[in-house]
Amino acid sequence: MDETGRIYLVGAGPGDPDLLTVKALKALKKADVVVYDRLISDEILDLIGPGAARIFVGKAASNHHLPQEDINALLVKLAKTSHTIVRLKGGDPFVFGRGSEEALYLARHNIAFEVIPGITAASGISSSLGIPLTHRGLSTGVRFVTGHAKGDEDLDLDWKSLADEQTTLVFYMGLANLSEISRRLIAEGLSPGTPAAAVSKGTVNGQRQCIGTLADLSGLVADIDLPSPVLIIVGQVVGLADMLNWQELPYEDAYSAMELPEKRECSA
Ligand SMILES: C[S@@+](CC[C@H](N)C(=O)[O-])C[C@H]1O[C@@H](n2cnc3c(N)ncnc32)[C@H](O)[C@@H]1O
């Protein structure tokens, strides 16, 4: 008989507890132990069953609470002593979440695991603002891109292929490199007037966003010192936010607007 517990690598979505999947909620309710990251909102932690132990393992861009190797080792140790372990990660565990590294480690140690997907920040946050990631005639595809390089290294991205007017770009972890991202994309031919958004604390209390252009977004963000986590969306589809922001606009305005607006502003 298998003496080890089962590890559920669970995506918590972008923060709003209503964006958890039913499967994720069930896992949180039945867990004996929940190992969670910094991006998990308090409202989601409140959904953990009362008997479960909680272990915070942190992770900020430059300040890892517990190194990844220690997190891996902790999961294996917990699998030997507990029955149901939830490894709870922001967004989707397999999108820039190092969930696959943890899964590989578990596989190598013969620990049973299951992956429960979550709504990734790109999807959850763009929807909340009325920004479609693709739109016929404006965007034929979307790319999720890391905006973060190890230590002080330069961002090693294929800027030429990224600078495509027909592709929506979503940068995760790109706040510190926002001006570099804009500069490189413009240098490779993307129009400086391409609509762009930076969204802080998306879908949770305190959400703020700046909407502008590739050329001026980093200035807007710096002016108000937009706090992390921040997601950056670049592409013509961002221009639709003014018409499709279903949380703010009356429907008549949404349907009567014919032109893509030129909006350059940050939320209050
Ligand atoms: C380490 S990545 C984790 C991504 C996560 N696995 C996902 O699928 O969304 C962290 C980055 O995701 C983005 N992010 C995640 N949640 C966010 C939120 N609620 N608001 C803004 N950005 C968020 C930010 O770019 C942040 O720096």
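Look above for the structure.
Residues numbered from 1 in each chain as written. Predicted model: local features only at pLDDT ≥ 70, side-chain atom pairs only at ≥ 80, totals over all residues. Heavy atoms only, no water.

Asker: Whenever I open this one, the packing of helix 3 (residues 68-81) against helix 4 (residues 99-108) confuses me. Can you help?
Answerer: Packed helix pairs are specified by the crossing angle of their axes together with the interaxial distance, meaning the distance between the axes. Where helix 3 contacts helix 4, the two axes come as close as 10 Å, and the packing angle between them is 45°. It follows from the interaxial angle that helix 3 and helix 4 lie oblique. In this structure, helix 3 crosses over helix 4, and the sense of that crossing is right-handed. On helix 4, the residues touching Gln68, Ile71, Asn72, Ala73, Leu75 and Val76 of helix 3 are Glu101, Glu102, Tyr105 and Leu106. (Axes fitted to C-alpha atoms, helices over the stretch in contact; angles between N-to-C directions. Helix = DSSP H or I, 4+ residues; strand = E, 2+ residues; numbered from the N terminus. Parallel < 35°, antiparallel > 145°, perpendicular 65-115°, else oblique. Left-handed = near helix turned anticlockwise from the far one by under 90°. Contact = heavy atoms within 4.5 Å.)

Asker: Help me understand unusual backbone geometry, please; the structure alone is not making it clear to me.
Answerer: Only a minority of non-glycine residues have a phi that is not negative, and only a minority of peptide bonds are not trans. The residue after Ser228, namely Pro229, is reached through a cis peptide bond having omega 0°. Considering the arrangement of structural elements, one finds Pro229 in the loop between helix 8 (217-224) and strand 10 (230-234). Positive phi, close to 55°, is recorded for Asn110, a residue that is not glycine. Tracing the chain through its elements places Asn110 in the loop between helix 4 and strand 5 (112-116). Judged by its relative accessible area of 68%, Asn110 falls in the exposed class. (Buried < 20%, exposed > 50% of the residue type's maximum accessible area, 1.4 Å probe, protein only.)

Asker: What am I meant to see in a nonpolar patch on the surface here?
Answerer: Residues Phe96, Val142, Phe144 and Met173 make up a contiguous nonpolar surface patch of roughly 330 Å² in combined accessible area. With respect to the helices and strands, the residue Val142 is situated in strand 6 (residues 141-146). (Patch = residues over 30% accessible without salt bridge, like charges linked within 9 Å, V, L, I, M, F, W, Y side chains within 5 Å. Areas by Shrake-Rupley, 256 points an atom, 1.4 Å probe, with all protein chains shown as cover. Salt bridge = Lys/Arg side-chain N within 4 Å of Asp/Glu carboxyl O.)

Asker: What is the right way to read the layout of surface pockets from this model?
Answerer: Taking a probe equal in size to a water molecule and rolling it over the atoms shows the remaining empty space. Approximately 260 Å³ is the volume found for the second largest pocket. Along the walls of the second largest pocket sit 15 residues, with Ser128, Thr203, Gln207, Trp246 and Gln247 positioned nearest its centre. A total of 5 residues in the lining of the second largest pocket trace back to one element, the largest contributor, which is helix 5 (residues 121-129). The class makeup of the residues in the lining of the second largest pocket is 4 nonpolar, 9 polar and 2 charged. (1 Å grid on protein atoms, 1.4 Å probe; cavity = no way out; pocket = protein on both sides within 12 Å on 5 of 7 lines; lining within 4 Å. Points joined across faces, edges and corners; volume = space filled by probe spheres on them. Nonpolar A, V, L, I, M, F, W, Y, C, P; charged D, E, K, R; others polar.)

Asker: How should the sheet that holds strand 8 (residues 195-200) be read in this particular structure?
Answerer: In a beta sheet, neighbouring strands pair by backbone hydrogen bonds and run either parallel or antiparallel. The strand order across the open sheet built from 6 strands is 6-7-10-8-9-11, with neighbouring strands paired in mixed fashion. Every interior strand has two partners, whereas the edge strands, strand 6 and strand 11 (265-266), have only one. Examined bridge by bridge, strand 8 and strand 9 (residues 208-213) share 6 bridges and lie antiparallel to one another. Pairing of Pro195 across the sheet is with Thr213, part of strand 9. The strands touched by helix 8 are strand 8, strand 9, strand 10 and strand 11; relative to strand 9, the strand with the most contacts, the crossing angle is about 150°. (Pairing = 2+ DSSP bridges.)

Asker: Got a minute to help me understand the environment of Arg87 in this structure?
Answerer: Inspection of the secondary structure assignment puts Arg87 in strand 4 (residues 84-89). A polar contact is formed between the side chain of Arg87 and the backbone oxygen of Val35, at a distance of 3.3 Å. Within the structure, the side chain of Arg87 is placed 2.9 Å from the side chain of Glu102, a separation counted as a polar contact. (Polar contact = N/O pair within 3.5 Å; in protein donor to acceptor, adjacent residues only side chain to side chain.)

Asker: How do you make sense of the packing of aromatic side chains when you look at a structure like this?
Answerer: Enumeration over the complete set of coordinates arrives at 3 aromatic pairs. Between Phe96 and Tyr172 the ring centres are 5.0 Å apart and the planes differ by 55°, which places this aromatic pair in the tilted class. Placement of Phe96 in the loop between strand 4 and helix 4 and of Tyr172 in strand 7 (residues 167-172) is noted, with a sequence separation of 76 residues between them. Residue Tyr172 is classed as buried on the basis of its relative accessible area, which comes to 9%. Members of the aromatic cluster, connected to one another through ring pairs, are Phe96, Phe144 and Tyr172. (Phe/Tyr/Trp six-rings, centres within 6.5 Å; stacked < 30°, edge-to-face > 60°.)

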